[in-house]
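Structural characterization, general
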Amino acid sequence: PYTTLFRSGQTYHGNGDYYRIEKKAVKASRVDGAVLHQLVDDLQSDAFAKALVKSARKSASKSNDGAELEKSLKEIRAIDANIDKLSNLLAETTATATLLRKIESLEKERFDIQGHIDAAETATKQARALNDIEEEDVKSILRGIAERIDDQDRDDLKDILRGLIDRIELDCSSLDCCIYY
């Protein structure tokens, strides 16, 4: 069952046919139908697509992963230089165990930084894609979702809705509903 947050801050819980809170109940099909109808209208609106593109570009512009990536690459180069120096010292000393532990420690640090580099590269690619996204592409994707919404499996539909909708507020006295994306 869907769980819907109402303006009072209380949560309605579905029991199949009705959403209920305290002693009030609202027919679930009425609320669900209205929400899905509004969702389809929103998905097909130019303003919604424009807002998504604006949000994507704003998100992309906040990304500082390029600077983070460069910093991590610099750290990797410094670690590699230290490992090379320590490796060269191995032939000149009898205290190899200490040097090997230090090299192993540096290798672990290098591995961790490489994980950060991989994440930063992925985030940078995502930021570029978000920055390059066109409004027509977003409209096409949203139109496709809207056209298939009635044909979706209930569980798949819930996943789609969770990804799109932040919360739904319903005034239980007037039955006014507001969808927050």
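This section reports on the structure supplied with the text. The structure presented is a predicted model; accordingly, all values stated were derived computationally and were not measured. Numbering of residues starts from 1 in every chain and runs along the sequence as written. Per-residue local features are limited, in this predicted model, to residues with pLDDT of at least 70; the limit for side-chain atom pairs, both in listing and counting, is 80 or more; totals at the level of whole chains, interfaces and linings are taken over all residues. Water and hydrogen atoms were dropped before computing side-chain values, which therefore reflect all heavy atoms in the structure.

With that settled, consider the packing of aromatic side chains. Two rings from Phe, Tyr or Trp (for Trp, the six-membered ring) form a pair when their centres sit within 6.5 Å of each other. Planes less than 30 degrees apart are called stacked, planes more than 60 degrees apart edge-to-face, and all others tilted. Scanning all chains against the criterion turns up 1 aromatic pair. Relative to Tyr-181, the ring of Phe-48 has its centre 4.8 Å away and its plane inclined at 75°; by these criteria the two rings are edge-to-face. Residue Phe-48 is found in helix 2 (residues 46–61), and its partner Tyr-181 is found in the segment after strand 6 (177–180); the two are separated by 133 residues along the sequence. The classification of residues rests on relative accessible area computed with a 1.4 Å probe and restricted to protein chains. Under 20% of the type maximum is buried, over 50% is exposed, and intermediate values are partly exposed. The class for Tyr-181 is partly exposed, based on a relative accessible area of 36%. Its guanidinium or amino end placed over the ring of Tyr-180, Arg-167 lies 3.8 Å from that ring's centre, counting from NZ or CZ. Counting from the N terminus, the helices are the DSSP runs of H or I reaching at least four residues and the strands are the DSSP runs of E reaching at least two. As a reminder, the over-ring test applies to NZ of lysine and CZ of arginine, requiring each to be within 6 Å of the ring centre and within 35 degrees of the ring normal.

What follows concerns the packing of helix 2 against helix 4 (residues 96–132). Interaxial distance between helix 2 and helix 4 falls to 8 Å at its minimum, and their mutual angle equals 145°. As helix 2 packs across helix 4, the resulting crossing turns out to be left-handed. Side by side, helix 2 and helix 4 meet where Ala-56, Arg-57, Ser-59 and Ala-60 of the first sit next to Ala-127, Leu-130 and Asn-131 of the second. Put simply, Ala, Val, Leu, Ile, Met, Phe, Trp, Tyr, Cys and Pro go in the nonpolar bin, Asp, Glu, Lys and Arg in the charged bin, and everything else, Gly too, in the polar bin. Taken together, the residues that form the contact of helix 2 with helix 4 break down as 4 nonpolar, 2 polar and 1 charged. Convention adopted: a line fitted to C-alpha atoms gives each axis, helices being fitted over their contacting stretch, and angles between N-to-C directions are expressed from 0 to 180 degrees. If you view the pair so one helix is near and one far, a crossing is left-handed when the near helix is turned anticlockwise from the far one by less than a right angle, and right-handed when it is turned clockwise. It only takes one pair of heavy atoms within 4.5 Å for two residues to be counted as in contact.

This paragraph deals with the nonpolar core. Judged by nonpolar contacts, the single largest core of 23 residues is most densely connected at Val-31, Leu-39, Leu-43, Leu-142 and Ile-165. Broken down by secondary-structure element, the contributors of at least two residues to this core are helix 1 (28–43), helix 2, helix 5 (135–148), helix 6 (154–164) and strand 5 (167–170). Counting residues per element, this core draws most heavily on helix 1, which supplies 6 residues. Once residues lying within four places of it in the same chain are set aside, the contact partners of Ile-165 are Leu-39, Ile-179, Tyr-180 and Tyr-181. In these notes, a set of buried Ala, Val, Leu, Ile, Met, Phe, Trp, Tyr and Cys residues joined through side-chain atoms within 4.5 Å is what counts as a nonpolar core. Judged by nonpolar contacts, the second largest core, of 11 residues, contains Ile-76, Leu-86, Leu-99 and Ile-117.

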